[in-house]
Amino acid sequence: DPGANAFIEEEDEDDTSSANAIPTFPKTPEQIERIRFAIKDNFLFKNLDEEQEMDVLTAMREVNIPAKDIIIQQGDAGDYFYIVERGELEVFVKKDGQSLDLAAGDSETLGKRVVVYHEGASFGELALMHNAPRAASIVSTTPCTLWALDRVSFRTILLDHTSRKRRQYEAFLAAVPILSSLKPSERAKIADVLESRTFEAGQDVIRHGDMGDEFFLIESGSAAAIKPIDGRETVVKQMGKGDYFGELALLNRQTRAATVRATEKLRVAALGEQAFTRLLGPAKDIMARTAGERYGL
Ligand code: 1OR
């Protein structure tokens, strides 16, 4: 009985079971619309049912901060996840022995500036997801309006969905050859951010010459890599379950070197560029090293 199983799985979460710990901050319909807009493209909020989405919306509190406020300090324990409604913030990462370029905006105390966040961005999920210290510092450059979701609500409402996704991808990722050098915990982080997409035979996943910001693993089905050779579309590679594509544009910051087209019903797991850079580690190095041989470059 799958229903009974699902029930047991719901129960095995650690600190995520007390639903009545979720706070409620009443909001106007207009505020709700603004939050909806801010989260609509965010992977953490994908596939929530209506009730879960309403729980998230009511649990968020509005936080107004002035410019030059340190909202997250690297190394601290995680308390809130944030969505940017208005304003601009900078992300700094401090590592031992790093070289700083103060003229380029790095900070002597906070480290290297790695990203700038604008309206619709979100941050502070890592410490809450992985029970880890804050991995970066975040500072407002202008006055900001943020929506903050507390740790318990974040884990209760969003991670339950995430842990399901982990289980769903665990076996698949373990069997993907290019990921075999990663630890299970590293594959789990990848599972958290993968997005499944399906294509019918004949549909293109990526097109030659386009800009690329995603990497793909084939979950099922098959696809062909196609290049224009002497003005004719030519199949240069066939791919099936466990194969990957889309890495070249990300590794080399080039446009797509080939079109990849489904040759039968195809299911792929897509990984965004930031996650690709942050999570693929040694697998990325292997891809870079073997690209020449793999594509006859
Ligand atoms: P957190 O809970 O650790 C800091 O709190 C947040 O900064 C973190 O979640 C992310 O949401 C956000 N490395 C780590 N954290 C980052 C990074 C980052 N960028 C944004 N955050 N980068 C790696 C730098 C070596 C930058 C990747 C582009």
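Residues numbered from 1 in each chain as written. Predicted model: local features only at pLDDT ≥ 70, side-chain atom pairs only at ≥ 80, totals over all residues. Heavy atoms only, no water.

Moving on, we come to the pattern of salt bridges. Applying the stated criterion to the full structure yields 18 salt bridges. The shortest N-O distance in the salt bridge between Arg-36 and Glu-33 comes to 3.2 Å. With Arg-36 and Glu-33 both in helix H2 (residues 29–39) and three residues apart, the pair spans about one turn of that helix. By relative accessible area, Glu-33 is classed as partly exposed at 45%. With a shortest N-O distance of 2.1 Å, Arg-34 and Glu-85 are connected by a salt bridge. Of the two residues, Arg-34 sits in helix H2 while Glu-85 sits in strand S3 (residues 80–86), which places them 51 residues apart along the sequence. Beyond isolated ion pairs, a larger network of salt bridges with shared partners links Asp-204, Arg-207, Glu-233 and Arg-261. (Salt bridge = Lys/Arg side-chain N within 4 Å of Asp/Glu carboxyl O. Helix = DSSP H or I, 4+ residues; strand = E, 2+ residues; numbered from the N terminus. Buried < 20%, exposed > 50% of the residue type's maximum accessible area, 1.4 Å probe, protein only.)

Taking burial as the measure, the seven residues of strand S16 (residues 266–272) include five buried ones, the bulk of the element. In this sheet, S16 lies alongside strand S9 (residues 195–199) in antiparallel orientation, the contact comprising five bridges. From the neighbouring strand, Ser-196 faces S16, where its bridge partner is Ala-269. (Pairing = 2+ DSSP bridges.)

Read from one edge to the other, the open sheet built from four strands follows the order S2-S7-S4-S5, with strand pairing classed as antiparallel. The sheet terminates laterally at strand S2 (70–72) and strand S5 (112–117), the two strands that pair on one side only. With direction set aside, neighbouring strand axes in the sheet form an average angle of 30 degrees. Pairing analysis gives two bridges linking S2 to strand S7 (residues 137–140), with the strands arranged antiparallel. Paired with Ile-70 across the strands is Val-139, a residue of S7. (Axes fitted to C-alpha atoms, helices over the stretch in contact; angles between N-to-C directions.)

That is the geometry; function is a separate question.
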